[in-house]
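Examination of the molecular architecture
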Amino acid sequence: ISVPFRVNVPYSQLVLAEDGTIVHGFLSQDQKWRVKADLEEIIPQLKKAIIFKEDKYFYYHFGINPVAVLRAAWKNIISAKRTSGASTITMQVSRLLYPKKRTYGNKFLEAFRALQLEWYYSKDEILQLYLNLVPYGGNIEGVKSASLLYFNQLPNKLSLAQITALAVIPNRPTSLALGKNNYQIEQARNKWLHIFEKRGLFDKETIADALAEPLEAYYQSIESKAPHLAIRLHQKHPTIPTLKTTLDVAIQDKIQQIAFNYTR
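Just so we're clear, the structure is a prediction, and the values are computed from it rather than from any experiment. (Residues numbered from 1 in each chain as written. Predicted model: local features only at pLDDT ≥ 70, side-chain atom pairs only at ≥ 80, totals over all residues. Heavy atoms only, no water.)

Considerations on the pattern of salt bridges
For clarity, the cut-off: Here, a salt bridge means any side-chain nitrogen of Lys or Arg that lies within 4 Å of a carboxyl oxygen of Asp or Glu. Think of it this way: any DSSP run of H or I at least four residues long counts as a helix, any run of E at least two long counts as a strand, and we number them from the N terminus. Burial here depends on accessible area, computed with a 1.4 Å probe over protein chains only, as a share of the maximum for the residue type. Under 20% is buried, over 50% is exposed, and the range in between is partly exposed.
The final tally for this structure, using the stated rule, is 12 salt bridges. In this structure, the salt-bridge partner of Arg95 is Glu110, at a minimum N-O distance of 3.1 Å. In this pair, Arg95 sits in helix H3 (residues 89-97) while Glu110 sits in helix H4 (residues 104-120), placing the two residues 15 residues apart along the sequence. According to the relative accessible area criterion, Arg95 is buried, its value standing at 17%. Judged by its relative accessible area of 9%, Glu110 falls in the buried class. The partner of Asp253 in a salt bridge is Lys225, with the nearest N and O atoms 3.2 Å apart. Taken together, the residues span a long stretch of sequence, with Asp253 in helix H11 (residues 249-263) and Lys225 in the loop between helix H9 (204-212) and helix H10 (227-236) at a distance of 28 residues. A residue is classified by how much of its surface remains accessible, and Lys225, at 14% relative accessible area, is buried. The network of salt bridges with common partners includes Asp30, Lys32, Arg34 and Glu141.

Shown next as structure tokens:
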């Protein structure tokens, strides 16, 4: 069994201008859009919504929730089939890192690796891993990737409505595809917003604003400026998730326009 503290997730690379503007993006080594969200980008609203929906006792268990396991086992026994999995966020991270067919044996292995993850990582680091690995259909993984590609925003700029939309998709990334199934996603989003309101997770005004917000999501590629510089830097530093340069976007845009006008 491999030891989780050696986890080496291959992230996509973003090349940034001096002011933090994205000027270019590269797929990860395994051809995924898996953009790394740093801890400071995981805002309280995002954290609260994800933890409430996926694992309410995340900060209290040791990787496995014994009560949820017993409840799931009882449901599975009385129904004579698998109806509940009792996976914590940590167990989901284990599954995302080491995907295997869902069997009881692999479930046990998943639980063991969850214990290892809890031993080597802090809760916030485990949550960060989860948010960087959750599937959004196709080759898109992670909240930051989905945020950039469908909302053209960094995750720390997302509204509660957008956060909740992103929270409901990972369980059904194929049938709830952003840009294709927006109506169904909005219905699922609103259902969870009502649950958040009922449980007092967010105030009524914030929930009302989120419910009134239309879901405007469509695929848009990551900005591509200064490609020659970006490619050169990428070839030199292929594994660094974020490369910040001293590039001035305004000057770059002006030079590109001059060059374009000259070649016409």
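Alright, that's what it looks like, and here's the rest.
Notes on H4
Definition in use: The length a helix should cover is 1.5 Å for every residue beyond the first. Contacts are assigned to residue pairs with any non-hydrogen atoms lying within 4.5 Å of each other.
With 17 residues, H4 should cover 24 Å at 1.5 Å per step; its first-to-last C-alpha distance of 25 Å lies within 8% of that length. The inward-facing, buried residues of H4 contact H3 and helix H5 (123-133).

Some points on the sheet that holds strand S2 (residues 22-26)
Each strand in a sheet pairs with its neighbour through backbone hydrogen bonds, running either in the same direction (parallel) or in the opposite one (antiparallel). The following threshold applies: By this definition, two strands are paired if DSSP reports at least two bridges between them. To obtain each axis, a line is fitted to C-alpha atoms, and for helices this fit is confined to the stretch in contact; angles are then taken between N-to-C directions over 0 to 180 degrees.
On the basis of which strands lie adjacent, the open sheet formed by 3 strands has the order S2-S1-S5 and mixed pairing. Each having just a single partner strand, S2 and strand S5 (242-244) make up the two edges of the open sheet. Put simply, the sheet's adjacent strands are angled 15 degrees from each other on average, direction ignored.

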